[in-house]
Amino acid sequence: MNTETFFQQFELLADAPNGIQKLRELILQLAVQGKLVPQNPDDEPAAVLLERIKAEKERLVKEGKIKKSKKLPDIKPDEIPFDLPEDWEWIKTNLVAEVIDPQPSHRTPPKAENGVPYIGMGDIDKESIINFDKARKVAIEVLEEHKNRYTLKDGDFIFGKIGTLGKPVKLPKPYDYTLSANIVLIQPTKIAPDYLFLYMSSPVMENILTSLSRVTTHAAFGIKRIRQLPTPLPPLAEQKRIVEKVDRLMELCDKLETQQQQQKAKTLQLGTVATSRLTAAKTPEAFKQHWQNISNNFDLIYSTPENIKQLRQTILQLAVMGKLVPQNPDDESASVLLAKIKAEKGKLIKEGKIKKSKKLKAISPDEIPYELPKVWELVKLGECIELISGQHLNQESQNKEGIGLPYLTGPSDFTETHPIATRWTRVPKAIAVKNDILITVKGAGVGKSNILTLDEAAIGRQLMAIRPFFLEVNYLYILILASFEKFQALSIGSTVPGIGRENIFNFPLSLPPLGEQHRIVTKVNQLMTYCDELEAKLTQSLSDKEKLMDTAVYQLLTA
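Report on the accompanying structure. Throughout, a residue's number is its position along its own chain's written sequence, starting from 1. Reporting of local features is limited, given that this is a predicted model, to residues whose pLDDT is at least 70; pairs of side-chain atoms are given and counted only at 80 or more, and all residues count toward the totals for whole chains, interfaces and linings. Values shown for side chains rest on all heavy atoms present in the structure; no hydrogens or waters enter the calculation.

1. What about empty space enclosed by the protein?
Working step 1: Computed over the protein atoms alone on a 1 Å grid, cavities are sets of points where a 1.4 Å probe fits but cannot get out and pockets are open sets with protein on both sides within 12 Å along at least five of seven lines; a residue lines them when it has an atom within 4 Å of a point. Grid points are joined across faces, edges and corners, and a volume is the space filled by probe spheres set on the points. For the structure on display, the rule yields 1 cavity of 30 Å³ or more.
Working step 2: Taken together, 14 residues make up the lining of the largest cavity; nearest its centre are Tyr370, Leu479, Lys486, Pro508 and Ser510.
Working step 3: Helix and strand labels come from DSSP, where a helix needs a run of H or I of at least four residues and a strand needs a run of E of at least two; each type is numbered from the N terminus. Contributing elements (two or more residues each) for the lining of the largest cavity: α12 (305–321), α14 (473–482) and β20 (508–511).
Working step 4: Considering every element that reaches the lining of the largest cavity, the biggest residue donor is β20, with 3 residues.
Working step 5: Looking at the lining of the largest cavity residue by residue, the class counts come to 9 nonpolar, 3 polar and 2 charged. Think of it as three bins: nonpolar holds Ala, Val, Leu, Ile, Met, Phe, Trp, Tyr, Cys and Pro, charged holds Asp, Glu, Lys and Arg, and polar takes everything else, Gly as well.

2. As for the packing of helix α9 (residues 236–280) against α12
Working step 1: Think of each axis as a best-fit line through the C-alpha atoms, taken over the contacting stretch in the case of a helix, with angles from 0 to 180 degrees between the N-to-C directions. It is the contact of α9 with α12, at a shortest axis distance of 10 Å, that shows an interaxial angle of 5 degrees. By the angle between their axes, α9 is roughly parallel relative to α12. Contacts between α9 and α12 pair Lys264, Thr267, Leu268, Gly271, Thr272, Thr275, Leu278 and Thr279 from the former with Glu306, Asn307, Gln310, Thr314, Gln317, Leu318 and Met321 from the latter.
Working step 2: In terms of residue class, the contact of α9 with α12 is built from 4 nonpolar, 9 polar and 2 charged. Every angle not falling under 35 degrees, over 145, or within 65 to 115 is termed oblique; those three ranges are roughly parallel, roughly antiparallel and roughly perpendicular. Contacts were defined at the residue level, with two residues in contact if any of their heavy atoms lie within 4.5 Å.

3. Quick notes on the packing of helix α6 (residues 193–201) against α9
Working step 1: It is the contact of α6 with α9, at a shortest axis distance of 8 Å, that shows an interaxial angle of 60 degrees. The angle between the axes of α6 and α9 places the two elements in the oblique class. In the crossing of α6 with α9, the sense of the turn from one axis to the other is left-handed. Judged by residue contacts, Asp194, Tyr195 and Leu198 of α6 engage Gln239, Ile242, Val243 and Val246 from α9. Whether a crossing is left-handed or right-handed is set by the direction in which the near helix is turned from the far one by less than a right angle, anticlockwise for left-handed and clockwise for right-handed.

4. A closer look at the pairing of strand β13 (residues 405–408)
Successive side chains on a regular strand alternate, one facing one side of the sheet and the next facing the other.
Working step 1: A pair of strands counts as paired when DSSP detects no fewer than two bridges linking them. The sheet contact formed by β13 and strand β14 (residues 424–425) spans 2 bridges and is antiparallel. Within β14, the residue paired with Pro406 across the bridge is Trp424.
Working step 2: Summarising the sheet, β13 and strand β18 (residues 456–459) pair through 2 bridges and their orientation is parallel. Bridging across to β18, Leu408 finds its partner in Ile459.

5. Concerning the sheet that holds strand β17 (residues 449–451)
Working step 1: Read from one edge of the open sheet, 4 strands run β11-β19-β16-β17, paired in antiparallel fashion. Single-partner strands in this sheet number two, and they are β11 (385–389) and β17. For this sheet, the mean inter-axis angle between neighbouring strands, taken without regard to orientation, is 25 degrees.
Working step 2: Across 4 bridges, the pairing between strand β16 (residues 437–440) and strand β19 (residues 463–468) is antiparallel. The partner of Ile437 across the bridge, within β19, is Ile466.
Working step 3: The sheet strands contacting α14 are β11, β16, β17 and β19, and the helix crosses β17 at an angle near 170 degrees.

6. Brief notes about the pattern of salt bridges
Pairing is possible between side chains that carry opposite charge, provided their charged atoms lie close to one another.
Working step 1: Each salt bridge in this description consists of a side-chain nitrogen of Lys or Arg and a carboxyl oxygen of Asp or Glu lying within 4 Å of one another. Throughout the structure, instances matching the rule amount to 24 salt bridges.
Working step 2: The shortest N-O distance in the salt bridge between Glu56 and Arg59 comes to 2.8 Å. Note that Glu56 and Arg59 are positioned in helix α4 (residues 46–62) at a spacing of 3 residues, about one turn of the helix.
Working step 3: Relative accessibility thresholds used throughout: buried, under 20% of the residue-type maximum; exposed, over 50%; partly exposed, between the two (1.4 Å probe, protein chains only). Residue Glu56 is classed as partly exposed on the basis of its relative accessible area, which comes to 25%.
Working step 4: Two residues, Glu79 and Lys92, come together in a salt bridge whose shortest N-O distance is 3.8 Å. Of this pair, Glu79 sits in the loop between α4 and β1 (89–92) while Lys92 sits in strand β1, and the two are 13 residues apart along the sequence.
Working step 5: For Glu79, a relative accessible area of 28% translates into the label partly exposed.
Working step 6: Residue Lys92 is classed as buried on the basis of its relative accessible area, which comes to 7%.

Put into structure tokens, the structure is as follows:
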């Protein structure tokens, strides 16, 4: 791909994953490699500019206006990352810029409540903007003292020198502030300031610094090192053309980025409206109409990972509302199923196999967010389950050699559907069995759940095991997945948030007939498979765009 083709496909490349960011980096890299704008044979070569710079410095030294600087070593072949156009030159940074240490003493001045801002790297945000409100204040005398060493002017920028070298940051007017010891001040002199700035911002500079960091210590990244950084020098006229071209392309990137953000917001809004209409539908006819509207615009609505995630959650929500599959009048009603569960629980309590739970709270009006089908029941979860609380086992009781029972401690052991043991124990406490639903009850992951597929496992105190009576366990799992945000909302505690047994026992359960539970699970599995296929197509599409971008970058940089 040549540069002309690159510009023709600019908007297409922007659609790749992180496309805009990659385009910005590529623009800068092409610019400093001499590949962004054509060379003009009428331009004065960089070598002539260099001779003029050297002659000017010698004159100023003779006149006593500047001190003669120490001769820096020539650029070595292994310091040159790429070949330059014929009229360009590789130089050291100090030939075209003053590199100044604002605080050679490295002493931090004392704070002054009504002083001037004292800017450090910590005062620069992710957008490379200086936060003056956040900055430390120092006495105005510090500013006056610093003016004896340097005077800020248009085109100046700063560069971090402590730890990992940072991106350059332009200095805004008015210059009523001073700079800290962890910053280097760069004042371009015999070069277009914006060209030097974009070079210092480019991936080329980042790669040079990364390479240097492998062979030197952080402490060595001082003034001397920065003065010796290799810099590609174009003819002065070309520097200006490069800056103009970069500015135009960066403006185009900004425009494309805004368009992408607006389109993404619009698509997300379409998905939100479409799915909310489905869940709010009052009649089968209204539901059918809204579903038809979604079907007619499916590719438009579900074209982002966020909207596919939203679709999955809507499927779960529709399932527990009784809107996903039709009701069958031949099904045994949920009230009959509930009576069987009650009888079984009573029998097990009498036999001493389970404990009698506390009396559950009555269903309150605010727990009935939607109308259920007539053959369904809204009950408390505690009426239909046994609940096993996890217990903490000390380190001495655990092992990673697979000896004893699997010991599951929290959502870190979970996969998408079932947990995988990473530790074991010989202490048989708090045992969950196959097909129990494990739910996280402590920590930031409250509400995260999995179905146990192991025969048995001990569980830690971050988990509880929900064991249903006469219910399709996968239907109950669907309800818990659909209720993740509700469990999160129940979580209390600032240090270690959590929910208790009472929260789970009193959680509302929309209970369908057993036959319908089976049909719901089958339908949800079908639709989730369809979501997987949608996601795979979207992933493939994004992968194809990313490969196109990578190919374009490779061809442009190796041409």
